[in-house]
Amino acid sequence: MSTDAAAPAGTDRVELSIGGMTCASCANRIERRLNKLEGVSATVNYATEKARVTYAPGVTVDDLIGQVEAAGYTAEPPPPPPDPDADSGQDQDEDGGRLRALRERLVVSAALTVPVIALAMVPAWQFEGWQWISLALAWPVVAWGAWPFHKAAWTNLRHGAATMDTLVSMGTLAALGWSLYALIWGTAGTIGMTHPFSLTIERTDGSGNIYLEAAAGVTTFILAGRYAEARAKRRSGAALRALMDLGARDVAVIRDGREQRVPIGELAVGDRFVVRPGEKIATDGIIEEGTSAIDASMLTGESVPQEVGPGDTVVGATINAGGHLTVRATRIGADTQLAQMARLVEDAQNGKAQVQRLADRISGTFVPIVIALAAATLGFWWGTGEGITTAFTAAVAVLIIACPCALGLATPTALMVGTGRGAQLGILIKGPEVLESTHHINTIVLDKTGTITEGRMTLLAVHPAAGEDDAEVLRIAGILENASEHPIARAIAGAAKERAGELPAPEDFANVEGLGVQGIIDGHAVLVGRPKLLSDWALALPPELEGAIAGAEAEGRTAVAVAWDGKARGVLVVADTVKPTSAEAIGHFRELGLTPILLTGDNATAAASVARQVGIDPDDVIAEVMPQDKADVIARLKAEGKVVAMAGDGVNDAAALATADLGLAMGAGTDAAIEAADLTLVTGDLRAAADAIRLARRTLTTIKSNLFWAFAYNIAALPLAATGLLNPMLAGAAMALSSVFVVTNSLRLRNFHGRPGIPTAV
């Protein structure tokens, strides 16, 4: 149990893990049940299978669990927060085991269903005794394959509720039951009997009709949809695992004056540990010895490495890009900033608006109406003296024709084709819930580093002093910086190599703490670093170089001064450059009716410069935002009535991506961002985000049209069934045509094309 500072005074909060939910209607039922308790405010998320409950004094967690169990489900407090060094393999194995069991149920059911449908639909294949072979193949599908639906229907029935599970269960059992009646007590079991392909509308007593293909086919189609859904849901916890995987696994701790490497779990608050260049910092702490540059871009969004020294704080999972550090641990385990960010992601996922499948939304009304109509049909025909057989034939026909065969295909087929086409275009869509979010999006929030920009330092300009050669300034600086591991040094050295080829080693090299580097090249004493490094050596900068530095800083860029033999020779300008396609992408967003907003942890000057280059309004720039505050900014925008998409690539974006109505992760980004997002852009090209939204909207439109025609088919055929005029061939043909339409309509998504010039995955 965990309290929350945001909860009202005098209340407590708990997150319960819910078991037994089969659709969004289940989540709504549990939520209503919990909210009936005085002093309780609850939200239940079907996707994450969790209930977030705020409750007043006098209410206990046991009371809450009792309410959930009374509704027919299970509830228990969640396990403790994951530890960075903990093995999450057991949870993954459990999730994988459930998915494998569902896949096995689907595969077996499909293998048995295909010949049943083939025999029923093609009279020429109906050999002697075919109907009994169909029964032998179909009954395991209805009894075992559809068992999850029967179980859910029984649970719903005990609590006076009806969902699509109820309709699937009743329809398949009715079809199987009536087929058994027709085979054993009717004329359908006669050897040599066939179902001729006739589309005439006439009343029949049903004694020669079997509906095994409908029972098995519906079961298999719905299982396919549930399997696709389960695969998407399994990823809900992957963002947290990805965040935890960023942490160091072991640490070089100093004990008894000696350095020894131990697992991260053995590190205690107050321990001193060593961080070498290129290593991850093991946990949050304070530097006691050494200076370096810390690459914290994944956590903070700051593109320029932060210079640190004794007394400065550092955050676990950031990377030591420079010198040798000795750090004293101040926070470990669940108290670290990384663990807090993991909790932010989980909170954001739990707090997402509940997205219900369109079929489930309608089921609350459609299912009771169908059941009532079947009962009324039975009573009417029996009461008019037509006989119990005719009455039951008409009533069962109502249940069978209402059974959602095309409905079961509506979402899975469109999703399968849409996601497949998306994968070809470098767009990965996680699941059907994602699509509903795209329709109403009117704002897109963009991270700067790695999303709009390249995410790495690049040399932009060389400003030589009067009388100096820019190529020579870059060559000398590149030789010295080539001996450094600093990200700015790598940018300068890389540019020098491109222009001058391989660089020789300097004759002497030394790092100047927090200022730059110095050394000897070709007998010249060289300084490369901050302007202060030159002033410490009493070297004055000429006016033209001072102007170059001022101009670079005004644009939020980094200026590096170069001097040798006691004279300033030039200034190099380094920055994280804007991707060449970002401005075009912003234009595409505006065409889609989206307002772009720049959200970054970088400084305001750099953010404003980037916004000007890509065409984002100055009023729509939010800079210097800490990682834990990004999700709050998204929540504030949503509270203002905006429907928000968020595009980002760093760990610092994970909670914001999960909080947004639609999260888009750049494929070149971190696993944490990718797992927390709803859409992933494999290419890393921001223009693909616009294509992703277009494709998702098109796929959602296809699903809606599929659902419309599937229900239209049911509604049109129900009167025929109720009046007893629906013979099996007409029912089978109508069901087949409805399914063919749904599949054909979905296949049109293969014609979706992205905008020209965007790299694709294939």
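Residues numbered from 1 in each chain as written. Predicted model: local features only at pLDDT ≥ 70, side-chain atom pairs only at ≥ 80, totals over all residues. Heavy atoms only, no water.

- As named in an unreviewed UniProt entry, the protein chain is Heavy metal translocating P-type ATPase, taken from Streptomyces litchfieldiae.
- Taken directly from UniProt, the Subcellular location (unreviewed entry) text for the protein chain runs: "Cell membrane".
- Looking at the protein chain in UniProt, the text filed under Sequence similarities (unreviewed entry) is "Belongs to the cation transport ATPase (P-type) (TC 3.A.3) family. Type IB subfamily." (UniProt positions renumbered as here; feature names shortened; annotations may be inferred.)

**Considering the overall build of the protein chain**
Argument step 1. Summing up its helical and strand segments, the protein chain has 26 helices and 26 strands in all.
Argument step 2. For the protein chain, buried positions account for 53% of its 762 residues.
Argument step 3. Taking the contacts inside the protein chain whose residues are at least 6 apart along the sequence as the reference set, 71% of them involve residues at least 24 apart.
Argument step 4. In the structure as shown, the protein chain presents an accessible area of about 31300 Å², 57% of it carried by carbon and sulfur atoms. (Helix = DSSP H or I, 4+ residues; strand = E, 2+ residues; numbered from the N terminus. Buried < 20%, exposed > 50% of the residue type's maximum accessible area, 1.4 Å probe, protein only. Contact = heavy atoms within 4.5 Å. Areas by Shrake-Rupley, 256 points an atom, 1.4 Å probe, with all protein chains shown as cover.)

**A word on the nonpolar core**
Soluble globular proteins tend to bury their nonpolar side chains together.
Argument step 1. One finds Leu446, Ile452, Phe589, Ile616, Leu662, Leu664 and Leu686 to be the most contacted residues of the largest nonpolar core, which totals 44 residues.
Argument step 2. A per-element tally of this core places helix α25 (residues 687–722) first, with ten residues.
Argument step 3. Core analysis: the next-biggest nonpolar cluster, separate from the first, contains 38 residues, Leu212, Val398, Ile401 and Phe711 among them. (Core = buried A, V, L, I, M, F, W, Y, C linked by side-chain atoms within 4.5 Å.)

**Thoughts on helix α20 (residues 582–591)**
Argument step 1. Buried residues of α20: Ser582, Ala585, Ile586, His588 and Phe589, and no others. For α20, the angular spread of buried residues about the axis comes to 160°, placing them on one side.
Argument step 2. Residues of α20 that are buried sit in contact with β15 (443–446), α15 (448–452), β21 (567–578), β22 (595–599), α21 (604–614) and α25.
Argument step 3. Just past α20, the residue Gly593 takes up positive phi, approximately 85°. (Arc of directions from axis to C-beta.)

**Let's talk about the sheet that holds strand β12 (residues 319–320)**
Argument step 1. Spatial ordering of the open sheet is given by β10-β9-β12, a layout of three strands whose pairing is antiparallel. In this open sheet, the two edge strands, each paired with only one partner strand, are β10 (306–308) and β12.
Argument step 2. Sheet topology note: the strand β9 (residues 292–295)/β12 ladder contains two bridges and is antiparallel. Its bridge partner lying in β12, Asp295 is registered against Ile319. (Pairing = 2+ DSSP bridges.)

**Some details on the UniProt feature "transmembrane region" (unreviewed entry) in the protein chain**
Argument step 1. Residues given the UniProt feature "transmembrane region" (unreviewed entry) here are residues 106–124, 130–147, 167–188, 208–228, 362–382, 388–411, 707–723 and 729–747.
Argument step 2. In residues 707–723, the share of helix is 94% and the share of strand is 0%. The end C-alpha atoms are 25 Å apart.

**Digging into a nonpolar patch on the surface**
Argument step 1. Residues Trp132, Leu180, Ile184, Trp185 and Ile191 make up a contiguous nonpolar surface patch of roughly 550 Å² in combined accessible area.
Argument step 2. One can find Leu180 in helix α6 (residues 164–184). (Patch = residues over 30% accessible without salt bridge, like charges linked within 9 Å, V, L, I, M, F, W, Y side chains within 5 Å. Salt bridge = Lys/Arg side-chain N within 4 Å of Asp/Glu carboxyl O.)

**Considerations on the packing of aromatic side chains**
Argument step 1. What the rule picks out here adds up to three aromatic pairs.
Argument step 2. Aromatic side chains Phe380 and Trp381 sit 5.1 Å apart centroid to centroid with 80° between the ring planes, which places their arrangement in the edge-to-face category.
Argument step 3. Aromatic ring contacts, followed pair by pair, group Trp178, Tyr181 and Trp185 into a single cluster. (Phe/Tyr/Trp six-rings, centres within 6.5 Å; stacked < 30°, edge-to-face > 60°.)

**Observations regarding the side chain of Glu213**
Argument step 1. Relative to the assigned elements, Glu213 resides in helix α7 (residues 212–234).
Argument step 2. Note on Glu213: relative accessible area 14%, which makes it buried.
Argument step 3. Dropping the residues within four chain positions of it, Glu213 is found in contact with Val116, Ile117, Ala120 and Met121.

**Some thoughts on the packing of α20 against α25**
Argument step 1. Direction vectors running N to C along α20 and α25 enclose 25°, while the axes themselves pass 7 Å from each other. Taken together, α20 and α25 sit at an angle that is classed as roughly parallel. Every residue of α25 that contacts α20 at Glu584, Ala585, His588 and Phe589 is listed here: Arg687, Ala689 and Ala690.
Argument step 2. Along the lines of polarity and charge, the residues of the contact of α20 with α25 split into four nonpolar, one polar and two charged. (Axes fitted to C-alpha atoms, helices over the stretch in contact; angles between N-to-C directions. Parallel < 35°, antiparallel > 145°, perpendicular 65-115°, else oblique. Nonpolar A, V, L, I, M, F, W, Y, C, P; charged D, E, K, R; others polar.)

**Focus on the confidence of the model for the protein chain**
Argument step 1. On average, the protein chain scores 79 in pLDDT, and the residues at 70 or more come to 80%.
Argument step 2. Confidence drops under a pLDDT of 50 for residues 81–90, and excluding neighbours within four residues, the segment shows eleven contacts in the predicted structure.
Argument step 3. Low confidence marks residues 351–356, where pLDDT is under 50. Its contacts with residues over four positions away, or in another chain, come to 17 contacts. (pLDDT = per-residue confidence, 0-100.)

**Some words on the sheet that holds β21**
Argument step 1. The antiparallel open sheet is built from six strands, whose spatial order is β16-β21-β20-β19-β18-β17. At either end of the open sheet lies a strand with only one pairing partner, and these are β16 (453–464) and β17 (508–512). The average angle at which neighbouring strand axes cross in this sheet is 20°, direction not considered.
Argument step 2. In this sheet, strand β20 (residues 558–564) lies alongside strand β19 (residues 524–529) in antiparallel orientation, the contact comprising four bridges. Within the sheet, the bridge partner assigned to Leu527 lies in β20 and is Ala563.
Argument step 3. Across the sheet, helix α17 (residues 487–500) is in contact with β16, β20 and β21; its angle to β16 comes to roughly 60°.

**A short note on the packing of helix α4 (residues 130–145) against helix α5 (residues 147–158)**
Helix-helix packing is characterised by the crossing angle of the two axes and by the distance between the axes.
Argument step 1. Where α4 meets α5, the closest approach of the two axes is 5 Å, and the angle between their N-to-C directions is 45°. Considered as vectors, α4 and α5 are oriented oblique to each other. Across the interface between the two elements, Val142, Ala143, Trp144 and Gly145 of α4 pack against Trp147, Pro148 and His150 of α5.
Argument step 2. Of the residues that constitute the contact of α4 with α5, the class distribution is five nonpolar, two polar and no charged.

**Let's talk about the pairing of strand β24 (residues 644–648)**
Argument step 1. Summarising burial for β24: five of the five residues are buried, a large majority.
Argument step 2. Burial of the side chains of β24 extends over both faces: Val644, Met646 and Gly648 are buried on one face and Ala645 and Ala647 on the other.
Argument step 3. Pairing geometry for β15 and β24, over four bridges, is parallel. Counterpart to Thr443 in the pairing with β24 is Val644.
Argument step 4. In this sheet, strand β25 (residues 662–666) lies alongside β24 in parallel orientation, the contact comprising four bridges. Across the sheet, the residue bridging to Ala647 is Leu664, located in β25.

**Some words on the environment of Tyr211**
Argument step 1. Its location among the elements puts Tyr211 in the loop between α6 and α7.
Argument step 2. Separated by 34 residues in the primary sequence, Tyr211 and Gly177 have C-alpha atoms spaced 9.1 Å apart.

**Section: the environment of Asp617**
Argument step 1. Turning to its location among the elements, Asp617 is positioned in the loop between α21 and β23 (621–622).
Argument step 2. Residue Asp617 is classed as partly exposed on the basis of its relative accessible area of 38%.

**Description of the side chain of Glu481**
Argument step 1. By the secondary structure assignment, Glu481 is in helix α16 (residues 470–481).
Argument step 2. The contact partners of Glu481, leaving out residues within four places of it in the chain, are Ala489, Ile492, Ala493, Val517, Val528 and Val560.

**A few points about the pairing of β19**
Consecutive residues of a regular strand have side chains that alternate between opposite faces of the sheet.
Argument step 1. By the bridge criterion, six bridges tie strand β18 (residues 516–521) to β19 in an arrangement that is antiparallel. In the strand pairing of β19, Gly516 is matched with Gly529.
Argument step 2. In this antiparallel pair of consecutive strands, β18 and β19, the connection spans two residues, and Asp522 shows a positive phi of 50°.

**Quick notes on helix α2 (residues 61–70)**
Structurally, the α-helix is built with 3.6 residues per turn, so residues lying three or four positions apart point the same way.
Argument step 1. Those residues of α2 that fall on the buried side of the exposure criterion are Val61, Leu64, Ile65, Gln67 and Val68. The buried residues of α2 occupy an angular sector of 155° when the element is viewed end-on, so they sit on one face.

**Observations concerning the environment of Trp125**
Argument step 1. Relative to the helices and strands, Trp125 is located in the loop between α3 (89–121) and α4.
Argument step 2. Aside from chain neighbours lying at most four places away, what touches Trp125 is Ala118 and Leu119.

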